[in-house]
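Structural features, examined
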Amino acid sequence: MIFLASLRARWTSLLGAFVAVALGVGLIASMGLGLDASLRAPVREPERFAASDVVVVGRDTLTVPVRRGPGVGHVSKPLAHPHPVDTGLLRELRRLGPLRFDGRKRDAVGIDAPARDVRAVVDGRARVLTGADRRLADPGAARDAEALVAVNAFLGTAGGVAAFVSVFVTASTFAFVVALRRREFGLLRMAGATPGQVRRQLIGEALTVGVAASAAGCALGARGGPLLADALVGAEVAPPWFAVTGASAALTSGAWLTWPFQLAFWTGLLVALAGAWAASRRAGRVPAAEAMRDASVDSGVMPWSRRIVGAALLACGLGLLLHTPATDPSALLKRKTYTTQPMLLVTAAAAFAPLLVRPVVRAFRLPGAVGLLVRENCAASVRRTAAVAAPVLVTVALAGSLLGSAQTVSGAKAAEAREQVAFDLVAAGDGLRPLDRREVPGAAAVSASAATAVFVREEGSALVRSDARAVRDSAALAATSRLPVVAGDVRDLDDRSIVVNEEWEKRRVGEHVDVWLGDGRRARLRVAAVLARGTGDNGAYVTSANAPAAGVDRVDVRLAAGADAPRAAAALARAGGEVRTAERWLAENHPRIEARTRLGLLTLLGISLLYTAISLASTLLMAGSVRGAELRSLRLAGATRRQVRLVLAGEALVAVAAGALLGLAVTAVGLAGLAAGLASLSAPVGVAVPWAEVGVCVGGCAVVAVGAALARRRA
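First things first, this report covers the structure right here in the doc.

**Concerning a nonpolar patch on the surface**
- Nonpolar side chains collect at one region of the surface, where L39, W259 and L263 lie side by side and expose about 320 Å² of accessible area between them.
- As for its placement among the helices and strands, L263 is situated in helix α9 (residues 259-284).

In structure tokens, the structure reads:
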């Protein structure tokens, strides 16, 4: 068959697509194995009450009826302050068998008795756990569940980015292959080949590459899955016991038929075929006269189909960028939003790359004859320049948008926290003793508070949990903090009132709102003050009387002018916990960006940068393989070998620079939308651009591009 002969002759031009698909399939398979391992986590043996047949846990959930269409359903949320097992219930349980306690804790108790008899005695007053469910009484069960959710979020996002970039790189590679083979397709048309036959040839090549690359990628993923699990455990994203089945076990147990490998294989094959489909349609339209044409200036580089798709993506991206700040600006602060929303703008800019690179390149002013030749070559060979600039654009835009958004949001949270701090010293820790102002020499105000939560039913259909602080003295709270009050007065907070923020459905001062407190009790409280929505950390405030089970975990102290800070800190230390200055407390609790978030984003950027390197190398190697006559003409015109090398390196650097500039433009648009959202939330606005990471991406792309451009020099 013709396409098999073409594969043998042009295997080097398809090597980049093969590597991109294989790597993408390997990443998807590895991450799929990780997701599968997290969804099918092994049943952990109970620890606290391993010797008991049955465990009785005090009431630890709040269940509220909500509207579900025409009927009524029930929603449950974990309580902030679970109830201990009732003393009366303990007396009844003792009649069934011996009880086991965990020290002085009364949140759960083990009993050796038939489960049916225990349930009859409990009668809904507590939870009865048997078998593997006894693990739910262990303190590590909740931490493991949260860690597995983090694993799912990380692997899902990373898999999405890997799929996005692999589709882009594969489609770009096939499109550039078609651009280089226009004369070949013209000859086929002149020899009598129909457009359908030309398309089938390209699809056949893509099918062969896709099957081989997907199979190789699955083998790579089987080996990469265990390594990925070890890396997640080492980074403390996954629990220590988390593991993924290795390659040998996959081969012997038939795991190749499970969904991670099936998803990865068929995704890789579909990516290869989808990348070749658009290019094959263009190849089928190459006229026979193209075989006789030898033009140095690219024309028709932007078909109408690509213009329409790019315009649609741009409209959707800009529409979301304008719509979200206007309707739900708080969504911009969520990692899922600022990780996925820039993809539309990035794809739109990459689609328009053939139109954008020429004016960008024309703007460069390079010195000397070599500089002039570099600029004109880049402007004339738009397809080659765009094929190099587009993956750089994607990498720079992702680096700027993802890390820039994360740093901007974290910076806004940190700035907001700094603005609200009016204390000088803070003691933090569990079980603190609340101090009086007279016990801390030089103190102007001392505010003790505890972490709690309140629950509210909004619109009759949702039970919303809001983190809250329980304070002992509202006047001291007002003196040690500068809360962003938009209505009312925090000092009016008492045992029959609550401080809410602008996200609440009921938020008018004086209005009464029905809530459930952290221990599940229902209360009707008056709104004493309303806080700005901010970055989402402005929670509710109640008094200690509405959270009696919450132990004091923070004591804030504002010092009077001229007070002896070390002496006050020594007195504050008697409350227990660790004493810090306000600056140190802010640095520890409100960093510019969390280490785990930064690790995840850098992993995504590493994936994108690796794909970009593959795309740059394959594009420039393919381009160099057909430029022999052009470079020999330069030598005949009097150019030295050094000048030819400078031209090749200069063209690569100009294309990389054009892609970097376009990527920064996309980053600026995305961060501007985020800044608008922060402004509408009354949050501190300060855009952060990760120049160091962007510089590393651009530098790495430049090194790969120059190396690939010089590797196939023909002069």
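**Details of the pattern of salt bridges**
- For the structure shown, the criterion picks out 22 salt bridges.
- A salt bridge links R469 to D553; the nearest nitrogen and oxygen atoms lie 2.8 Å apart. Residue R469 is located in strand β9 (residues 462-471), and its partner D553 is located in the loop between β14 (540-543) and β15 (554-559); the two are separated by 84 residues in the primary sequence.
- Two residues, E578 and R584, come together in a salt bridge whose shortest N-O distance is 2.7 Å.
- Relative accessible area serves as the criterion here: at 35%, E578 is assigned to the partly exposed category.
- A relative accessible area of 39% places R584 in the partly exposed class.
- Sharing partners across several salt bridges, the network here consists of E578, R580, R584 and E588.

**Things to note about a positive patch on the surface**
- Together, R91, R94, R95 and R106 give the surface a local cluster of positive charge.
- You can see R106 is positioned in strand β5 (residues 105-111).
- Taking the relative accessible area as the measure of exposure, R106 reaches 36% and is therefore partly exposed.

**Let's talk about the sheet that holds β5**
- Read across the sheet, 4 strands follow the order β4-β5-β1-β6 without closing on themselves; strand pairing throughout is antiparallel. Only two strands of the sheet have a single neighbouring strand rather than two, namely β4 (99-102) and β6 (127-130). Put simply, the sheet's adjacent strands are angled 30 degrees from each other on average, direction ignored.
- The pairing of strand β1 (residues 54-57) with β6 spans 4 bridges and is classified as antiparallel. Bridge pairing in β6 places V54 opposite T130.
- Packing of helix α3 (residues 87-94) onto the sheet brings it into contact with β1, β4 and β5, and relative to β4 it is tilted by some 140 degrees.
- Relative to the sheet, helix α4 (residues 115-122) contacts β1, β5 and β6, its axis offset from that of β6 by approximately 170 degrees.

**Points about the packing of aromatic side chains**
- As enumerated under the stated definition, the model contains 2 aromatic pairs in all.
- Taking the centre distance of 5.2 Å and the plane angle of 90 degrees together, the rings of F265 and W266 count as edge-to-face.
- An angle of 75 degrees between the planes, with centres 5.7 Å apart, marks the rings of F423 and W585 as edge-to-face. Highlighted residues: F423 in the loop between α15 (382-420) and β7 (425-428) and W585 in helix α18 (residues 582-589), separated in sequence by 162 residues.
- Among the residues examined, F423 registers a relative accessible area of 5% and is labelled buried.
- A residue is classified by how much of its surface remains accessible, and W585, at 10% relative accessible area, is buried.
- Positioned above the aromatic ring of F101 is the side chain of R106, whose terminal nitrogen or guanidinium carbon lies 4.2 Å from the ring centre.

Rules behind the numbers
- Residues numbered from 1 in each chain as written.
- Predicted model: local features only at pLDDT ≥ 70, side-chain atom pairs only at ≥ 80, totals over all residues.
- Heavy atoms only, no water.
- Patch = residues over 30% accessible without salt bridge, like charges linked within 9 Å, V, L, I, M, F, W, Y side chains within 5 Å.
- Areas by Shrake-Rupley, 256 points an atom, 1.4 Å probe, with all protein chains shown as cover.
- Salt bridge = Lys/Arg side-chain N within 4 Å of Asp/Glu carboxyl O.
- Helix = DSSP H or I, 4+ residues; strand = E, 2+ residues; numbered from the N terminus.
- Buried < 20%, exposed > 50% of the residue type's maximum accessible area, 1.4 Å probe, protein only.
- Lys, Arg positive; Asp, Glu negative; His and termini not counted.
- Charge placed at Lys NZ, Arg CZ, Asp CG, Glu CD.
- Pairing = 2+ DSSP bridges.
- Axes fitted to C-alpha atoms, helices over the stretch in contact; angles between N-to-C directions.
- Contact = heavy atoms within 4.5 Å.
- Phe/Tyr/Trp six-rings, centres within 6.5 Å; stacked < 30°, edge-to-face > 60°.
- Lys NZ or Arg CZ within 6 Å of the ring centre and 35° of its normal.

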